[in-house]
Amino acid sequence: IPAPSNNFAPRFSVSYSFNNKTVIRAGYGVFWARFHGFGLNTLLLGNGLFQPNIYVTPSTAGSPVFPNVFTSAAGLPSGTVNLQFAAPDFHNPYTQQGNLSIERELARDLGLTVSYIWSRGIGIYTQRDVNLGAVGPRVTYTIQDAAGNNVSTYSTNVYVTANKMDSRYGKILQVENGGQSWYNGLAVQLRKRMSRGLSGSIAYTWSHAIDTANQGGASWNIGWNYNNVTTPGDYRADKGSSTLDQRHRAVINFLWEPKFTKSTSTAARFLVNGWQLSAITTMASARPAAATVNVSGSQFPGVSLTYTTLNGSGGWTRVPFWPVNSLDVDQLYRVDARVSRSLPFGERVRAYLNFEAFNAFNTITNTSINTQAYVASGGVLRPTANLGTGTASQGFPDGTNARRAQVSLRVVF
């Protein structure tokens, strides 16, 4: 595994104050990623020497039928062992990052910041199957509508089993640095410092994240059966909005701690004063997802595709004649709120009784959708029903985005 030893990472920053109310700041840096352990483990175990990965199906010639098993690793069916190796110029991915911001004091407790944020990812991990061999014949798929009418066609060159470089193996994946990414963002933030019992901020970000080679979907994944792109080695053909792209995002938060009376009586300390109300409201546009094709069985007489994708490459199964990541998952609207009560038992002991509601208005947001747009069978692409409908509303870190509430007591002493 090549291991470059000179990952030069310069970083620069500058700030300049025009007066006591306006400051401009700028920065630039190069940041290298490390070789992650999963990738190193895959390369060490995927070279066929220590732990061969075997992929068989019931239709694979020589494969056992359940409940029978392989008696030994000798004489494995041809084309079932997958290999991986690092490209000769394999190196750490890196990003160039820059920002430019102007901060302005609008009032004694009010400030405005406008920032431009830029990031450029270079040499992101990708995989390419070098065992596919030369491209084969050109075929044409018929595209139908939901009523079964022929509405269009799609033509592509295909990779066929007969052209494989070495029929003893399945995929021979070269791990290389073919991926790139681009991010541009404009962020505006209005902040109010604590005064008269109130603090808060309003932040809005417009941004666009773009990548090649399906990086947003699984850039970390260099597993034994993963191939990044639609057409082998043509990473730019899959350039489009990243699955991590979120064009608009606004966050509003505040903390209100009113003081209703200046009295220091027991009733004032335990009943009237000491209340806090805070909330975070998040609104965001939908993230994109790629429409996919499920390829089933043989497609054209006399043409044996190497793998079950439209071009037989075993790569990305997205719909190749649609824009990259052309589906929207779901918009986001969420309010998290907390009511807190301070209980001052003494100078050295204070308790806080909290009631918190996460997603207080129970606005359910889809986190994944049905992405299958077509089924390919016998050279015909038939549309799939329920494209774009939600399939899940959960995810890290909460497990669910349904409303949740909790009560807690915190004692500080």
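Note that the structure is a prediction, hence the values are computed from the model and not measured.

Comments concerning the overall build of the protein chain
Reasoning step 1: When helices and strands are tallied, the protein chain shows three helices and 23 strands.
Reasoning step 2: Its C-alpha radius of gyration of 28 Å places the protein chain more than 25% over the 22 Å reference for a compact globule of 413 residues.
Reasoning step 3: C-alpha atoms of the protein chain, sized along the principal axes, occupy 90 × 50 × 50 Å.
Reasoning step 4: A buried classification covers 37% of the 413 residues belonging to the protein chain.
Reasoning step 5: Look at the contacts in the protein chain between residues 6 or more apart in sequence, and 74% of them connect residues 24 or more apart.
Reasoning step 6: About 22900 Å² of surface is accessible on the protein chain, with carbon and sulfur atoms providing 57% of the total.
Reasoning step 7: Of the side chains in the protein chain, 34 bear a positive and 19 a negative charge, and the two mean positions are spaced by 9 Å.

What to know about the side chain of Ser 201
Reasoning step 1: Structurally, Ser 201 can be placed in strand S10 (residues 198-211).
Reasoning step 2: Of note is the side chain of Ser 201, whose polar atom sits 2.8 Å from the side chain of Asn 253.
Reasoning step 3: The contact partners of Ser 201, leaving out residues within four places of it in the chain, are Gln 189, Leu 190, Arg 191, Val 251, Ile 252 and Asn 253.

Remarks on the environment of Gly 48
Reasoning step 1: Looking at the element boundaries, Gly 48 is found in the loop between helix H1 (37-45) and strand S3 (53-54).
Reasoning step 2: Between the alpha carbons of Gly 48 and Leu 83 there is a distance of 5.9 Å; along the sequence they are 35 residues apart.

Examining the packing of aromatic side chains
Reasoning step 1: Following the criterion strictly, the structure yields eight aromatic pairs and no others.
Reasoning step 2: Ring geometry for Tyr 141 against Phe 300: centres 5.0 Å apart, planes inclined by 70°, an arrangement best described as edge-to-face. You can see Tyr 141 sitting in strand S7 (residues 138-144) and its partner Phe 300 sitting in the loop between strand S15 (292-295) and strand S16 (327-328), a full 159 residues away along the chain. For the pair formed by Tyr 141 and Phe 300, the shared burial category is buried.
Reasoning step 3: One residue, Lys 239, lies across the ring of Trp 182, its end atom 4.3 Å from the ring centre.
Reasoning step 4: Between Arg 318 and the ring centre of Trp 316, over which it is positioned, the NZ or CZ distance is 5.6 Å.

A few points about the pattern of salt bridges
Reasoning step 1: On inspection of all chains with the given rule, the structure shows ten salt bridges.
Reasoning step 2: Residues Lys 192 and Asp 109 are paired through a salt bridge, measuring 3.4 Å at the closest nitrogen-oxygen approach. Of this pair, Lys 192 sits in strand S9 (residues 169-195) while Asp 109 sits in the loop between strand S5 (94-107) and strand S6 (110-129), placing them 83 residues apart in sequence.
Reasoning step 3: Note on Asp 109: relative accessible area 14%, which makes it buried.
Reasoning step 4: Note that Glu 356 is salt-bridged to Arg 338, the shortest N-O span being 3.6 Å. Highlighted residues: Glu 356 in strand S18 (residues 350-358) and Arg 338 in strand S17 (residues 332-344), separated in sequence by 18 residues.
Reasoning step 5: Judged by relative accessible area, Arg 338 falls into the partly exposed class, the value being 33%.
Reasoning step 6: Three or more residues are tied together by salt bridges with common partners; here these are Arg 25, Glu 103 and Arg 191.

What about H1?
Reasoning step 1: Of all the positions in H1, only Gly 39, Thr 42 and Leu 43 are classed as buried. Relative to the axis of H1, the buried residues are bounded by an arc of 95° and lie together on one face.
Reasoning step 2: Contact partners of the buried residues in H1: strand S4 (81-86) and S9.

Quick word on the nonpolar core
Reasoning step 1: Grouped together as the largest cluster of nonpolar side chains are 22 residues, with contacts concentrated most on Tyr 141, Val 293, Leu 310, Tyr 374 and Leu 381.
Reasoning step 2: With residues up to four places along the chain from it excluded, the contact list for Tyr 141 reads Ser 152, Thr 153, Tyr 154, Thr 156, Gln 299, Phe 300, Leu 305, Thr 309, Leu 310, Gly 379, Val 380 and Leu 381.
Reasoning step 3: Of all hydrophobic cores here, the second largest spans seven residues; its members include Phe 35, Leu 43, Tyr 125 and Val 175.

Some points on empty space enclosed by the protein
Reasoning step 1: Applying the stated criterion across every chain yields a total of one cavity of 30 Å³ or more.
Reasoning step 2: If you add up the space inside the largest cavity, you get close to 40 Å³.
Reasoning step 3: Considering the residues around the largest cavity, the lining is formed by Phe 35, His 36, Gly 39, Leu 40, Leu 43, Phe 90, Tyr 125 and Ile 222.
Reasoning step 4: If one sorts the elements of the lining of the largest cavity by residue count, H1 sits on top with three residues.

Looking at the environment of Tyr 94
Reasoning step 1: Residue placement: Tyr 94 occurs in strand S5.
Reasoning step 2: Residue classification places Tyr 94 among the partly exposed residues on the basis of a relative accessible area of 21%.
Reasoning step 3: Considered as a pair, Tyr 94 and Asn 184 are 90 residues apart in the sequence and their alpha carbons are 17 Å apart.
Reasoning step 4: Beyond its immediate stretch of four places on either side in the chain, Tyr 94 contacts Val 30, Phe 31, Trp 32, Arg 120, Gly 121 and Ile 122.

Remarks on the sheet that holds strand S8 (residues 150-157)
Reasoning step 1: Across the sheet, which stays open at both edges, the five strands sit in the order S8-S7-S21-S20-S15 with mixed pairing between neighbours. The sheet is open, and its two borders are formed by S8 and S15, each paired with just one other strand. Geometrically, the sheet is characterised by an average inter-axis angle of 30° between neighbouring strands, direction not taken into account.
Reasoning step 2: Pairing of S7 with S8, which is carried by seven bridges, proceeds in the antiparallel orientation. Along S8, the bridge assignment pairs Thr 142 with Thr 153.

Points about the pairing of S4
The side chains of a regular strand alternate, first on one face of the sheet and then on the other.
Reasoning step 1: Most of S4 is tucked away: five of the six residues are buried.
Reasoning step 2: Sheet analysis places S4 next to S9, joined by five bridges and oriented parallel. Note that in S9 the partner of Leu 83 across the bridge is Ile 172.

What counts and what doesn't
Residues numbered from 1 in each chain as written. Predicted model: local features only at pLDDT ≥ 70, side-chain atom pairs only at ≥ 80, totals over all residues. Heavy atoms only, no water. Helix = DSSP H or I, 4+ residues; strand = E, 2+ residues; numbered from the N terminus. Rg over C-alpha atoms; globule rule 2.2 N^0.38 Å. Buried < 20%, exposed > 50% of the residue type's maximum accessible area, 1.4 Å probe, protein only. Contact = heavy atoms within 4.5 Å. Areas by Shrake-Rupley, 256 points an atom, 1.4 Å probe, with all protein chains shown as cover. Lys, Arg positive; Asp, Glu negative; His and termini not counted. Charge placed at Lys NZ, Arg CZ, Asp CG, Glu CD. Polar contact = N/O pair within 3.5 Å; in protein donor to acceptor, adjacent residues only side chain to side chain. Phe/Tyr/Trp six-rings, centres within 6.5 Å; stacked < 30°, edge-to-face > 60°. Lys NZ or Arg CZ within 6 Å of the ring centre and 35° of its normal. Salt bridge = Lys/Arg side-chain N within 4 Å of Asp/Glu carboxyl O. Arc of directions from axis to C-beta. Core = buried A, V, L, I, M, F, W, Y, C linked by side-chain atoms within 4.5 Å. 1 Å grid on protein atoms, 1.4 Å probe; cavity = no way out; pocket = protein on both sides within 12 Å on 5 of 7 lines; lining within 4 Å. Points joined across faces, edges and corners; volume = space filled by probe spheres on them. Pairing = 2+ DSSP bridges. Axes fitted to C-alpha atoms, helices over the stretch in contact; angles between N-to-C directions.

What is shown is where atoms sit, not what they do.
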